[in-house]
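Architecture and fold: a report
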Amino acid sequence: MKRTGAGTSTDLKSTRAGKAEKYKPVPIPDELTETFWESINQRRLVIQRCQNCRTYYHPPVGLCPECLSTELTYEPVSGRGTINSFTITYDARQPAFEAIQPYTVAIVELVEQKGLFMLSNVPGTPADEIRIGLAVVVDFEEIVPGRLIPQFRAARSTRQ
Ligand SMILES: [Zn+2]
């Protein structure tokens, strides 16, 4: 099988009948991220955690940089966080993103641990209303049938 580039896989491209560029890139799980993506497909956010020193990691690691333990497993997290930093894209070069521009690319800090970051768009909130410190909560976007990605939305209905 021939790889078609980062973020897409050959089998998905063939089912799209050459219209792959109209979809957001689909994650390709590897040994380290397989559990993460399987959970995401079931609308559950899990984050890798060292079972020795209890430090969370995202993206996943093969060895705990804090204590060198290899006892790393995935644990469910609250899905709550705040926007730590963000940028607004007005000139996307990929049709699936062009269709939603201007859109936000945010670094979300999860409440579970200082410095535990995830990268996300912030669907549902106009780009000019995004602020650092905005409380967000995880949601899941189905980019192709059965394949989801985590996306954080403003937690407006939840009092913080
Ligand atoms: Zn550790």
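Residues numbered from 1 in each chain as written. Predicted model: local features only at pLDDT ≥ 70, side-chain atom pairs only at ≥ 80, totals over all residues.

1. Digging into the overall build of the protein
- Helix and strand counts for the protein stand at three helices and eight strands.
- Ordering the α and β elements of the protein from the N terminus gives α-α-β-β-β-β-α-β-β-β-β. (Helix = DSSP H or I, 4+ residues; strand = E, 2+ residues; numbered from the N terminus.)

2. Regarding the sheet that holds strand β2 (residues 56-57)
- Pairing in this open sheet of three strands is antiparallel, and the strands run β2-β1-β3 from one edge to the other. Because the sheet does not close on itself, it has two edges, and the strands there are β2 and β3 (72-76).
- Taken together, the two bridges between strand β1 (residues 46-50) and β2 define a ladder with antiparallel strand orientation. The residue of β2 that forms the bridge with R49 is Y56. (Pairing = 2+ DSSP bridges.)

3. Examining the pairing of strand β4 (residues 80-89)
- Here three bridges tie β4 to strand β7 (residues 135-144), and the two strands are oriented antiparallel to one another. Its bridge partner being in β7, T82 is matched across the sheet by A135.
- Pairing of β4 with strand β5 (residues 103-110), which is carried by eight bridges, proceeds in the antiparallel orientation. The residue bridging I83 from the neighbouring strand is V108, located in β5.

4. Digging into the sheet that holds β4
- Overall, antiparallel pairing links the five strands, which are arranged β6-β5-β4-β7-β8 in an open sheet. Looking at the sheet topology across the chains shown, the edges are occupied by β6 (117-120) and β8 (147-154). Mean inter-strand twist for the sheet, computed between neighbouring axes without regard to direction, equals 35°.
- Helix α2 (residues 34-41) rests against β7 and β8 of the sheet, and its axis sits at about 70° to β8. (Axes fitted to C-alpha atoms, helices over the stretch in contact; angles between N-to-C directions. Contact = placed C-beta atoms within 7 Å.)

5. So, the confidence of the model for the protein
- Within the protein, residue pLDDT values average 88, and 84% of them lie at 70 or more.
- The low-confidence segment residues 1-18 (pLDDT under 50) makes 17 contacts with residues lying over four places distant or belonging to another chain. (pLDDT = per-residue confidence, 0-100.)

6. Some words on the nonpolar core
- Formed by 13 residues in total, the largest nonpolar core has its most connected members in I83, A106, V108, V136 and F152.
- Of all the secondary structure elements, the ones that give two or more residues to this core are β5 and β7.
- Broken down by element, the residue count for this core peaks at three residues, all from β5.
- Ignoring anything within four residues of it in the chain, the contact list for V108 reads G81, I83, N84, F117, M118, S120, V136 and F152. (Core = buried A, V, L, I, M, F, W, Y, C linked by C-beta atoms within 7 Å. Buried ≥ 20, exposed ≤ 12 C-beta atoms within 10 Å, placed from the backbone.)

7. A look at the pairing of β8
- Relative to β8, β7 runs antiparallel, the two sharing eight bridges. Following the sheet pairing, V136 is matched in β8 by A154.
- Counted along the chain from β7 to the antiparallel partner β8, the turn is two residues long, and its residue G146 has a positive phi close to 85°.

8. Thoughts on unusual backbone geometry
- Cis geometry marks the peptide bond from H58 to P59, where omega comes out at -5°.
- By the secondary structure assignment, P59 is in the loop between β2 and β3.
- Following Q101, the chain continues to P102 via a peptide bond in cis, the omega torsion being -5°.
- Note on placement: P102 falls in the loop between α3 (95-98) and β5.
- Phi at R43 takes a positive value of approximately 60°, unusual for a residue other than glycine.
- According to the C-beta neighbour criterion, R43 is partly exposed, with 13 such atoms within 10 Å.
- The backbone phi angle of R54 is positive, close to 70°, even though this residue is not glycine.
- Among the structural elements, R54 can be located in the loop between β1 and β2.

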